[in-house]
Amino acid sequence: MVYKLIRSAYLGSKDYMTPLENELDGIIAIHDQLVLSSSVPVKSLWSLNTWHNPKILTIDSINDGAKKLKNIQRNWCLYSYQFHRRAKLIQEKLPYVSAKPLSFPCNLPTSPMGSWTLLSENQILASSNCSSLFKNGEIIFEENKEGPPSRAYLKLYETLTKIEKLPKPGDFCIDAGGSPGGWTWVLQKLGAQVISIDRALLDPRIASLPNVKYYKGDVFSIKPSDYDKVDWLFSDVICFPEKLFDWISLWFESGKCNNFICTIKFQGSPDYNSAKKFLEINGSQVMHLYNNKHELTFIHIDKK
Ligand SMILES: C[S@@+](CC[C@H](N)C(=O)[O-])C[C@H]1O[C@@H](n2cnc3c(N)ncnc32)[C@H](O)[C@@H]1O
């Protein structure tokens, strides 16, 4: 294998490697979840962590490996697909990096996190510049087993943490496809006023929370003209990407809402073209979150 040609590497989610591979050019090798490419790094929708500047370090011992990594920077995260024991011994000689689950709401880490792996017993592939500040792109939160009625709240935790912006107390939020109420629960806890819209009922514990209103019906019948101003539009509706795109386009055109967080759901294999349409909206981001399933997250945030 021609490892010296590696110019970028991408760590994907275990269950969503195919859409990641379809996005990339110059693939040299795939080692479990790590894709090595001879092309310059590209912005990938399905990568959990993109290694922007991978380089090979030749090492002659465990100590030498740790020393060479430490000479580059302090924080390193191992992605191990082979020589697990040797890799673990090198990692143990590196400065400790906390693996404690995050307590939401929280700030992003301030120090860069590099990633490395063993390509052979005496070759480390190391990238000091990676797209994620979290170990292998995994954003793990302390879970709340009592409050939210579904685990969907974790993807909203992840999005709000990544964008470094939260709805403010009193902000008016629409939570489209809100049942059973995980996202509504997060927003209510942050002090927002939430209208949760779904064909299915909200969990009664969520529906009875202060500042939560529930509207039973078809989300797509709700129009911008029904409201004067909406601070945030959230959608986790299960629908075709095109349907979501058309609906949020109405909101963009109306100018009544500036903050959007929407899940783009796929049936069968993810369709790159429909995801691309969302990216064409000026200032938007589309990404696969660690806590996403067969879906991407569309984000458009007013930076003010
Ligand atoms: C993944 S669930 C939402 C989970 C929710 N975000 C939470 O945190 O608990 C998707 C929801 O979309 C709703 N849904 C699908 N199509 C809809 C439509 N046209 N109008 C309203 N709700 C819809 C479903 O009833 C379902 O409750």
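Residues numbered from 1 in each chain as written. Predicted model: local features only at pLDDT ≥ 70, side-chain atom pairs only at ≥ 80, totals over all residues. Heavy atoms only, no water.

### Looking at the sheet that holds strand β2 (residues 27-31)
Strand order in the open sheet formed by 4 strands is β2-β3-β1-β4, and the pairing between neighbours is antiparallel. Only two strands of the sheet have a single partner each, and these edge strands are β2 and β4 (47-51). Strand-to-strand twist across the sheet, computed as the mean angle between neighbouring axes with direction ignored, equals 20 degrees. (Pairing = 2+ DSSP bridges. Helix = DSSP H or I, 4+ residues; strand = E, 2+ residues; numbered from the N terminus. Axes fitted to C-alpha atoms, helices over the stretch in contact; angles between N-to-C directions.)

### Digging into the sheet that holds strand β9 (residues 172-176)
Pairing in this open sheet of 7 strands is mixed, and the strands run β11-β10-β9-β12-β13-β15-β14 from one edge to the other. With partners counted over all chains shown, the strands left at the sheet margins are β11 (212-216) and β14 (284-287), one partner each. The sheet shows a mean angle of 15 degrees between the axes of neighbouring strands, direction not considered. Inspection of the sheet shows strand β10 (residues 193-198) paired to β11 by 5 bridges, in the parallel sense. Looking across to β11, one finds that Ile197 is bridged to Tyr215. The strands touched by helix α8 (residues 272-279) within the sheet are β13 (257-265), β14 and β15 (295-300), with β14 carrying the most contacts at an inclination of about 150 degrees. (Contact = heavy atoms within 4.5 Å.)

### So, the site of the ligand
Around the ligand, a shell composed of 20 residues is seen, among which Ser150, Trp183, Asp198, Asp218 and Asp236 lie nearest. Here an oxygen atom of the ligand sits 3.2 Å away from a polar atom, N or O, in the main chain of Ser179. Within the side chain of Asp198, one N or O atom sits 2.7 Å away from an oxygen atom of the ligand. For the ligand, the protein covers 85% of the area, taking 600 Å² as the surface of the free molecule. (Near = heavy atom within 4 Å. Polar contact = N/O pair within 3.5 Å; in protein donor to acceptor, adjacent residues only side chain to side chain. Areas by Shrake-Rupley, 256 points an atom, 1.4 Å probe, with all protein chains shown as cover.)

### Structural notes on unusual backbone geometry
Where the residue is not glycine, phi is negative for most of them; where a peptide bond is considered, it is trans in most cases. Geometrically, the link from Phe104 to Pro105 is a cis peptide bond, its omega value of -5 degrees lying close to zero. Structurally, the position occupied by Pro105 is in the loop between α3 (84-92) and β7 (114-120). Here Ser179 and Pro180 are connected by a cis peptide whose omega angle stands at 5 degrees. Note on placement: Pro180 falls in the loop between β9 and α5 (182-189). With phi around 50 degrees, Asn136 is a residue other than glycine that occupies positive phi space. The topology assignment puts Asn136 in the loop between β8 (123-127) and α4 (153-163). What makes Asn136 buried here is its relative accessible area of 11%. Although it is not a glycine, Asn211 sits at a positive phi angle of roughly 70 degrees. (Buried < 20%, exposed > 50% of the residue type's maximum accessible area, 1.4 Å probe, protein only.)

### Comments concerning the domain arrangement of the chain
How big an interface is tends to be stated in terms of accessible area lost as the parts join. Assigned domains within the chain: domain 1 (3-137) and domain 2 (153-300). Taking the mean C-alpha position of each, domain 1 and domain 2 sit 32 Å from one another. Both sides of the domain 1 and domain 2 interface together cover about 1,500 Å² of buried area, and 76% of this is carbon and sulfur. It is Leu45, Trp46 and Phe104 that lose the most area in domain 1 upon contact with domain 2, and together they represent 49% of the buried surface on that side. Counting the contacts that link domain 1 with domain 2 gives 0 salt bridges. Contributing elements (two or more residues each) for the side of domain 1 that touches domain 2: α1 (17-23) and β4. (Domains from an automatic or database assignment. Buried area = accessible area lost by both parts, 1.4 Å probe. Salt bridge = Lys/Arg side-chain N within 4 Å of Asp/Glu carboxyl O.)

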